[in-house]
Amino acid sequence: MFSKIGIIGLGLIGGSLAKAFRARTSIQTIVAFNRHEDVLIEAKKQHVIDDYATEITDIFSNCDIIFICTPVQKIMEYTKKLLPFVSKNCIVSDVGSTKGEICKNMSAFSNHFLYIGGHPMTGSERFRYHASKEHLFENAYYILTPSTSVAEETVKAFSKLIESIGAIPVILSAQEHDYIVASISHVPHIVASALVHTVKNLDTPNHYMHLLAAGGFKDITRIASSSADMWQGICMENKEQILSVLSCFETVIENIKQKVLSEQYDDIYQYFDTARIYRDSFRSITPKSFVKRYEISVDVLDRPGSIAIIAVLFSSHGINIKNMSIINNREQEQGVLYFAFDTEEERQKSIELLRSLNYDVFIKD
C-alpha cells in the first residue's frame, strides 16, 4: 500500500525510522530532509535513503507518508512548508512527545492531507543520526493519535506499517496521551535534571560528590543527558499537564519530608515498600493487554557464559527469543533469567530443552 516515504529530520528517531523501513519493509523509496548535509550524505552512502534535500522541495511530492521528526516546536513550521508538495491522500505523521497542541493545529489542514499523530515510546540520551538503530522500535509502544477525519482503514494500514518495524501501536486520544506521558516521561526528565542540579549545587570544593556518584545516581539521572532543545519544547507544549503532575509530585515529596521530620518510622517503611511493590509490577516487558507473550524464568548460576549457552541452545533449535532480561529482585520471583516467546509452541519447546539439561524452569502466566 505504501511505496514512498519522506522523513523530515534525520536524527535518532528519523534515522531509526529510515533504517527500519529500509531493512524490514517493502518500501521502495525513502527521501529525507535534514539541516546538516553531512548526515544526509552518510545516510545515502549507507543506502538508508534514496534522495535528500537541505530544503523542503518537490522530492516530497508523491509521498504516501511523511514523518516529521523534529523538535516539537518546529513541527508546524515544517508542516506548512510541506503543503505545496503533499496530496489529500498523503499521511502526515510526527513523532513529538506532546500531542494536544499539535493535533489541534493540524486540524486546520484536514483538507490538505491525512494526519495521524505519533509518539514512539523509545529513544536514548543520545540524539543524533549516528545513534540511530534499525531495531530501535523493537517491542516499543508506538502511540498513535489519529485525526477523527482519517478513515479507520487508513489508521489500520498505518498501524500495520508500524507493527512491521517491530513496534506495538497503541491508539489514544491526544488528551489521554499528554496526561499519561506527563506522568511517566516528562516529569521524570525534570526530576532527573533536578537531582543533577542538586548534587551540582551541594558538591564539596573537592568535587567528591561528582567523583563518588555511583551506579544508583547515574541510573536515576541518565535521562538528564537528553537534548535540552527537545525538552525545552516539550515543557512549553505540555505545560498544563506537566504543572499538574509536578504539583502531585511536590505533595509526595512534602509528605515523606514530614514523615522523616516527625520520625514516623512505620510510615517511612510503607512509603518505600509501597513504591517497591508497585515498581516491581512493571517487570512484564510486554503487558498482555496489548500483546500476548509466552514467558518463562530459568534458574541459572551466575557464571560467565550462562546466558550465551541458553541463547545458543534456543537459536540452534529455531526458537526466537522475543524478550529477555535478568531478574534482579528474587524476593517474589523464581529463577534469575526471564524469557518471552511469540507462541506457546516455542515456550513448550524451550521448557523441554532446558529441563532435558537439568535447568529449573518456571512458567509465568
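Going by the structure above, here's the rest.
Thresholds applied
- Residues numbered from 1 in each chain as written.
- Predicted model: local features only at pLDDT ≥ 70, side-chain atom pairs only at ≥ 80, totals over all residues.
- Heavy atoms only, no water.
- Helix = DSSP H or I, 4+ residues; strand = E, 2+ residues; numbered from the N terminus.
- Buried < 20%, exposed > 50% of the residue type's maximum accessible area, 1.4 Å probe, protein only.
- Contact = heavy atoms within 4.5 Å.
- Areas by Shrake-Rupley, 256 points an atom, 1.4 Å probe, with all protein chains shown as cover.
- Salt bridge = Lys/Arg side-chain N within 4 Å of Asp/Glu carboxyl O.
- Axes fitted to C-alpha atoms, helices over the stretch in contact; angles between N-to-C directions.
- Left-handed = near helix turned anticlockwise from the far one by under 90°.
- Nonpolar A, V, L, I, M, F, W, Y, C, P; charged D, E, K, R; others polar.
- Core = buried A, V, L, I, M, F, W, Y, C linked by side-chain atoms within 4.5 Å.
- Arc of directions from axis to C-beta.
- Pairing = 2+ DSSP bridges.

Enquirer: Quick question: what am I supposed to make of the overall build of the chain here?
Expert: Within the chain, the regular secondary structure consists of 13 helices and 12 strands. With the C-alpha coordinates of the chain rotated into their principal frame, the extents come out at 65 × 55 × 40 Å. Counting the 365 residues in the chain, one finds 42% classified as buried. Nonlocal contacts in the chain, meaning residues at least 24 apart in sequence, comprise 71% of its contacts between residues at least 6 apart. Of the roughly 20200 Å² that the chain leaves accessible, carbon and sulfur atoms contribute 54%.

Enquirer: Any chance you could explain the pattern of salt bridges here in plain terms?
Expert: Two side chains carrying opposite charge are able to pair once their charged atoms lie near each other. Tallied over the entire structure, the rule returns 11 salt bridges. Of the charged contacts, one joins Arg24 and Glu134 as a salt bridge, the two residues approaching to 2.3 Å between their closest N and O atoms. A residue pair is termed long-range when its members are at least 10 positions apart, and Arg24 in helix H1 (residues 12–24) and Glu134 in the loop between strand S6 (114–120) and strand S7 (141–146) qualify at 110 residues. When its relative accessible area of 29% is taken as the criterion, Arg24 is described as partly exposed. When the shortest N-O distance is used, the salt bridge between Lys74 and Glu77 registers 3.6 Å. Since its relative accessible area comes to 32%, Glu77 is described here as partly exposed. Salt bridges sharing common partners tie together Arg24, Glu134, Glu138 and Lys322.

Enquirer: Teacher, can you tell me more about the packing of helix H10 (residues 239–261) against helix H11 (residues 265–280) here?
Expert: The description of two helices packed together rests on the angle between their axes and the distance between the axes. The N-to-C vectors of H10 and H11 enclose an angle of 145°; their axes lie 8 Å apart at closest approach. The handedness of the crossing between H10 and H11 is left-handed. On the side of H10, the interface is formed by Val252, Ile256, Lys259 and Val260, while H11 contributes Asp267, Ile268 and Tyr271. When its residues are assigned to classes, the contact of H10 with H11 shows 5 nonpolar, no polar and 2 charged.

Enquirer: Can you help me understand the nonpolar core in this one?
Expert: In this structure, Leu10, Leu17, Phe21, Ile49, Phe67, Phe137 and Tyr142 are the most contacted members of the largest nonpolar core, which totals 39 residues. Elements represented by at least two residues in this core include exactly strand S1 (4–8), H1, strand S2 (29–33), helix H2 (37–45), strand S4 (65–68), S6, S7 and helix H5 (152–164). Sort the elements by how many residues they give to this core and H1 lands first, with 6 residues. Grouped together as the second largest cluster of nonpolar side chains are 31 residues, Val31, Met106, Ala174 and Ala182 included.

Enquirer: Hey, could you run me through helix H9 (residues 228–237) in this one?
Expert: Residues three or four positions apart in an α-helix share a direction because the helix packs 3.6 residues into each turn. Among all positions in H9, only Trp231, Gly233 and Ile234 are buried. Projected onto a plane normal to the axis of H9, the buried residues spread over an arc of 155° and lie on a single side. For H9, exposure combined with an orientation more than 90 degrees from the buried face picks out Ala228, Gln232 and Met236. Looking at the buried side of H9, the elements it contacts are helix H6 (174–202) and H10.

Enquirer: Is there a simple way to explain the sheet that holds strand S12 (residues 360–364) in this structure?
Expert: Pairing between the strands of a sheet is mediated by backbone hydrogen bonds and can be parallel or antiparallel. An order of S10-S11-S9-S12 is seen for the 4 strands of this open sheet, with the pairing classed as antiparallel. Edge positions in the sheet fall to strand S10 (323–326) and S12, since each of these pairs with one other strand and no more. Each strand of the sheet is rotated relative to its neighbour by a mean of 20°, with strand direction disregarded. Across 5 bridges, strand S9 (residues 294–299) lies against strand S11 (residues 337–341) in antiparallel orientation. Looking at the pairing, Tyr294 lines up with Phe341 of S11. The sheet contacts of helix H12 (residues 306–316) involve S9, S10 and S11, and relative to S11 the element is tilted by about 20°.

Enquirer: Please clarify how unusual backbone geometry should be interpreted in this entry.
Expert: It is generally the case that most residues other than glycine have a negative phi and that most peptide bonds are trans. Here His207, not a glycine, exhibits a phi torsion of approximately 60°, which is positive. For His207, the position within the fold is in the loop between H6 and helix H7 (208–212). The phi dihedral of Glu263 falls on the positive side, at around 55°, and the residue is not glycine. Here Glu263 shows up in the loop between H10 and H11.

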